[in-house]
Each structure stands twice: as structure tokens, then as C-alpha cells.
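Coordinate inspection notes
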Amino acid sequence: MDTTRSLQWLARRRDALPIRPINGLLVSMAVVVCWTLWAVAFNVGQFGDNIEQFNWAQSLEWGYHKHPPLPTWLLGATIALFGPSPYWTYLLAALCLLGTGVFTWLIGRQLLGERVASAAIVLWGLHLYFSQRAQLYNHNTVLVLWMSATVWFALRARDGGIGWWLATGAAAGAAILSKYQAVVPLAGLLVALGWTGQLREVRQRVGFAMALATLLAIVAPHAVWLVQHDFAPFHYASEAVASANLWQRLGFLLSFVANQLRLFFPALVTMGICWVLARYAGGSSPEPALQAASASPGRAARDDFRIWSFGLIGWTVGVLIVMALAGGVSLRNHWGMQTFQFLCLWLAWRWDRRAPIDLRRLIAVALVVHAVSLALYAAEHRDPRSLLSKRRIDTMYPAQRIADAALAHWKAQTKCPLKYVSGDEFLAGMASLYSRDRSAALPLVYNSPAATPWVRPEDLARGGVLYLFDEGNAAPEGLEQPEVFNLLLDDGAHRLSRAIRIAMRPPARVCN
């Protein structure tokens, strides 16, 4: 009897604790920050995309051989203002995701009401790209920020003035300058705007025209660069197109879906646990105050949410299906980051239609799932054997040790300053970014004439170049015997080995 009364008392105390819908957003924002700081604490390296951004930020261009320039501009501006630091990508990634989370919550509040939007943003924070990979800074990270901003501005433009349309055009232009993939969800947004009648009035069509003009003005300089450089990023994107039969194309699609389920797995687990608790453990329904919050003005737009969910999610999914089956495109897993960035809204909407979501329970279960994920991440990064896995775990590469070994190899053979590093772009980028030699500027990373046109081959011949490459890759001709560098320290108990090689081509002159 005492146990029963204690449980009843705890249940009453639980129901007495105030929970506001905004708490869902605050929890997800805190989760992004927590995961970023966790990565800073346990990483000894960075994702290859982070390193690539640092390499490109060594020269601010109107475009780069793989992608448009906006993410690199943001990093380059940060370096110009505050100096080089390996942590700028962590900071920029966190800021982009925080902004994405806020805009996503605002969109959900407008379409579904504050309570369901808060549940949706908790599910959003469980996606691996927005939690475990919150440290990842690349074109997708910036793209999802500007796409969420574009959608929010477009929703406000329905009842607002021309200023909201101008903001919509500016954000859409920024999305395209982040990644060309933005064209697909922007087309889906246009479908939603037209289908819901938002462009029916002349005033709204004029606003849309001004938004389009703003977008074109922002993108125009980069378009000129594209023409001048033979549309180099499009050639890179065409590498995803493969000669494949129907079964292989179905394989592309199934592999993509399987990976997206893996990325959503923490959110799906959380929903499953909440369902089990609601079914077998019981519990009270959401508080009256939260039920009242569902009747907020944003709830009125719920009637057309099916249209918006098609425009924001279904349209892009349909395009990817056509690309895979009709075009033979091998779908890249990271394309799903934007494709499904609004899926949390649909999941919360479907969930709440079956039974009102208990936000308190959802937050509690989500925090437990995050805690388990944090523990697993720490355990993996503390185990040196993880680096021996077949997949390359970028964040476990000992960046500082690699940079120190590379600089020591160079200084052992010449007194000239190290100006250029090359070979494997990932390894060379770490040797540059983590260099402790502050007597000179960070070494420039050379990849190829197309990828790094700001470094000329004759500069390498004159100033010398340091090469870093994986053990299995062939060394450039004409180099001395490379130095083998083991990525794993021998702890006496395990003889683990995974090595890279370091070599150099000395400068054409002798330095004193």
C-alpha cells in the first residue's frame, strides 16, 4: 500500500510540474549545444567536410569546383575577423542548426499549433544530422538553415507586406548559394504556395515577382562565375549518374531509404517508447493549458497542412525517386538532410491525430535517448580500435599529432618555411589547420588546378611542397622515401597499426 501511495504521489507531482510548449524548442536547442561541446571534448580530428571548408576558405572565390560559395564565405569571414582556429566549423555548424531549429519550430507553430510544433522540434533534435553530427559544417548545414528561413518568410508573406517577400527572395538566394539542391525544395515551396491559393491576389503575385527578382540579383554573380568556369560544379554533380539497370536503380533507392531510417532511428525509438508507455504504463492526458495552446491561431492552417507537407517533403521525395529510377542517379545519403528536414512536422501531426502527444513524456524519453547516444559516442572515441574499422572515422584521426609529425618531417630537411601541403586533401588540410608554426601563415593546401586555382604549380616547384597520403595510395613520382607515421599510439597492451605516409619535395632554393 505504501508503494502504491508513493507512486500515486509521484504521478501527482509529475502532473503538477509546469511544462510549456516552448520547452520543446529549448530542449532541442540545448541538445544541439550539448552535442557540439561533446564533440569538442572527445574528437581528435574533424569531419572531412569541415577540413574541406577550411581548405577552400584560404581563398574567397565566387564559386568552387564542387559547390557554390556561401558556406565557405561564412567560414572565411570568421577567420578574417578572428584569426584561424579549428573550432570555427564547430561554432558555425551549431549556429546554423540553432537557426534551423528556431525556424522549423516557427513553421510548425504556424501550421500545426504550438504544442504539436514543440513535439515536432523534439523529434527534429533526435535526427542524427541535428544531434550526433551537429559538429558537421558543410553545404547541407547551411542549406537547411536558409531553406527553413525561406519557408517561414513565405508563410509570413501571406498576411504580411512586401518586406516578407523580399526576405523570402533573399533567403532563397542564400539557399541556392549554399547548394544547388535548393532548387528542388524551392520548387516544392512554389507548388505549396500556388496550391493553397497564396498567389491568387495581384498583391501577392507582385510580391512573389519581387522575391524572384531579389533571388536572381543575389545569384547573378555566381552564375557569371559558372559560365566562366564551364559549369565545373555541375560536372562534379554528374558523377552521381551511373549506367545501371532497373534492379541496380532500385538498389540505389533502397540503400538511400535504409540510410535515412538509420539517421531517424533515435527519433523512431523515442516514439516507440512513448507509445509503449502510453499504452501499458498509463498516464494523464496533456494539461488543459496545452490543449488550449493547440487552438492558437496557427492551428487554423492545419486544414491545408497536407498540401504543405507535400510541398515541403513529398515533392522532394518524388523528385529523388524519379532521379533514381528514371535517371539512374546513385542517391547520396547526405541529400536526405534537406529532403527530410521537415519530416518531424509530419510525424508529430500524424502522431497527434491518433492520440494527443504528452510533451512532458516525449521530452523525458528523448533526453534518455540522447544520454545513451552521448555515452556510445564517447565510448567509441575512447577506444583506439575504432580507428581500425573499414569505414573512415574522420573525427578519430589525431589531427594535432599528424600536423606535428608533418612539420617535423619538413623542418628536418630544410630551413625554409612550410608554405604548401598536398596529397590527400583530408590529411593535408589537417596538417595545415593544426600547424603550430605561428611564425608564418598557415600552409596552403593544393589539390588540383581546378580545385585550388589560387595555388599555381610553379609556386609548388619554387617553394617546395609536403605530401601526406594514406598508406595504400601511391606516392607522387620523384619523392624521397616517405616516412611512415602510425596513427595509433602503442599503449603496450595492443599492437594496433593504421598508418599514413609523409614525404616532401624540397624548395628550389636554400634557406638560412
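Reading guide: rules and limits
- Residues numbered from 1 in each chain as written.
- Predicted model: local features only at pLDDT ≥ 70, side-chain atom pairs only at ≥ 80, totals over all residues.
- Heavy atoms only, no water.
- Helix = DSSP H or I, 4+ residues; strand = E, 2+ residues; numbered from the N terminus.
- Rg over C-alpha atoms; globule rule 2.2 N^0.38 Å.
- Buried < 20%, exposed > 50% of the residue type's maximum accessible area, 1.4 Å probe, protein only.
- Disulfide = S-S within 2.5 Å.
- Core = buried A, V, L, I, M, F, W, Y, C linked by side-chain atoms within 4.5 Å.
- Contact = heavy atoms within 4.5 Å.
- Expected span 1.5 Å × (residues − 1).
- Axes fitted to C-alpha atoms, helices over the stretch in contact; angles between N-to-C directions.
- Parallel < 35°, antiparallel > 145°, perpendicular 65-115°, else oblique.
- Left-handed = near helix turned anticlockwise from the far one by under 90°.
- Nonpolar A, V, L, I, M, F, W, Y, C, P; charged D, E, K, R; others polar.
- Polar contact = N/O pair within 3.5 Å; in protein donor to acceptor, adjacent residues only side chain to side chain.
- Pairing = 2+ DSSP bridges.
- 1 Å grid on protein atoms, 1.4 Å probe; cavity = no way out; pocket = protein on both sides within 12 Å on 5 of 7 lines; lining within 4 Å.
- Points joined across faces, edges and corners; volume = space filled by probe spheres on them.

Within the protein one finds 20 helices and five strands. Its C-alpha radius of gyration of 26 Å places the protein within 12% of the 24 Å reference for a compact globule of 512 residues. The C-alpha extent of the protein, read off along each of the three principal axes, is 80 × 70 × 50 Å. By residue count, 53% of the 512 residues in the protein fall in the buried class.

Enumeration over the complete set of coordinates arrives at one disulfide. Covalent S-S linkage joins Cys416 and Cys511, the inter-sulfur distance amounting to 1.8 Å. The disulfide joining Cys416 to Cys511 has a torsion of about 90° about its S-S bond and is therefore right-handed. Here the residue Cys416 occupies a position in the loop between helix 18 (399-411) and strand 1 (420-423), and Cys511 occupies one in the segment after strand 5 (499-505), the gap between them amounting to 95 residues. Cys96 provides the cysteine sulfur closest to Cys34, a residue in no disulfide bond, and the two sulfurs are 19 Å apart. What makes Cys34 partly exposed here is its relative accessible area of 33%. Unpaired in terms of disulfides, Cys344 finds its nearest cysteine sulfur in Cys274, a separation of 15 Å.

Looking now at the nonpolar core. In a soluble, globular protein the nonpolar side chains are often hidden away together inside. In this structure, Leu123, Leu362, Ile402, Met430, Leu466 and Leu468 are the most contacted members of the largest nonpolar core, which totals 135 residues. The contact partners of Met430, leaving out residues within four places of it in the chain, are Ile51, Tyr397, Ala399, Ile402 and Ala403. If you look at the next biggest cluster of nonpolar residues, it comprises 12 residues, including Trp56, Trp454, Val455 and Leu479.

This next bit is on helix 4 (residues 70-82). Counted at 1.5 Å a residue, the expected span for helix 4 with its 13 residues is 18 Å, and the 18 Å between its end C-alpha atoms agrees. Of the positions making up helix 4, those classed as buried are Leu70, Pro71, Thr72, Leu75, Gly76 and Thr78. Residues of helix 4 that are buried in the fold lie against helix 3 (48-56), helix 5 (88-112), helix 7 (139-157) and helix 8 (162-178).

Moving on, we come to the packing of helix 6 (residues 114-124) against helix 16 (residues 343-354). Running from N to C, helix 6 and helix 16 point in directions that differ by 125°, and their axes come no closer than 8 Å. The angle between the axes of helix 6 and helix 16 places the two elements in the oblique class. Crossing hand, helix 6 versus helix 16: right-handed. Contacts between helix 6 and helix 16 involve Arg115, Val116, Ala119, Ala120, Leu123 and Trp124 from the former and Cys344, Leu345, Leu347, Ala348, Trp349, Trp351 and Asp352 from the latter. Taken together, the residues of the contact of helix 6 with helix 16 break down into 11 nonpolar, no polar and two charged.

This next bit is on the packing of helix 3 against helix 4. Packing of helix 3 against helix 4 brings their axes to within 9 Å, and their N-to-C directions diverge by 70°. With respect to their mutual orientation, helix 3 and helix 4 come out roughly perpendicular. At the point where helix 3 passes helix 4, the crossing takes the right-handed sense. For the pair formed by helix 3 and helix 4, the contact residues are Gln53, Phe54 and Trp56 on the first element and Pro71, Thr72, Leu75 and Ile79 on the second. Grouping the constituent residues of the contact of helix 3 with helix 4 by class yields five nonpolar, two polar and no charged.

With that settled, the discussion passes to helix 7. Think of an α-helix as turning once every 3.6 residues; residues three or four places apart then point the same way. Between its terminal C-alpha atoms helix 7 stretches 27 Å, which fits the 27 Å expected from 19 residues at 1.5 Å a residue. With 17 of its 19 residues buried, helix 7 lies for the most part within the structure. Backbone nitrogen of Asn140 and a side-chain oxygen of the N-cap are separated by 3.0 Å at the start of helix 7; the cap is Asn138.

On to the sheet that holds strand 2 (residues 444-445). Overall, mixed pairing links the five strands, which are arranged 2-1-3-5-4 in an open sheet. Taken across any chain shown, the strands that pair with only one partner, and hence form the sheet edges, are strand 2 and strand 4 (483-486). Bridge analysis of strand 1 against strand 2 gives two bridges, and the strand direction is parallel. Bridge pairing in strand 2 links Val421 to Val445.

Attention shifts here to empty space enclosed by the protein. Summed over the entire model, instances satisfying the criterion amount to one cavity of 30 Å³ or more. For the largest cavity, the calculated volume is near 50 Å³. Forming the boundary of the largest cavity are Leu407, Pro417, Leu418, Ser435, Asp437, Ala440, Ala441 and Pro443. Partitioning the lining of the largest cavity into residue classes produces six nonpolar, one polar and one charged.

Another point: unusual backbone geometry. The phi angle at Asp230 is positive, at roughly 55°, despite the residue not being glycine. Along the chain, Asp230 turns up in the loop between helix 10 (202-228) and helix 11 (232-237). A positive phi angle, near 50°, is found at Phe231, a position not held by glycine. Mapped onto the secondary structure, Phe231 falls in the loop between helix 10 and helix 11. The partly exposed category is assigned to Phe231, whose relative accessible area is 34%.

Interpretation in functional terms is not warranted from these geometric data alone.
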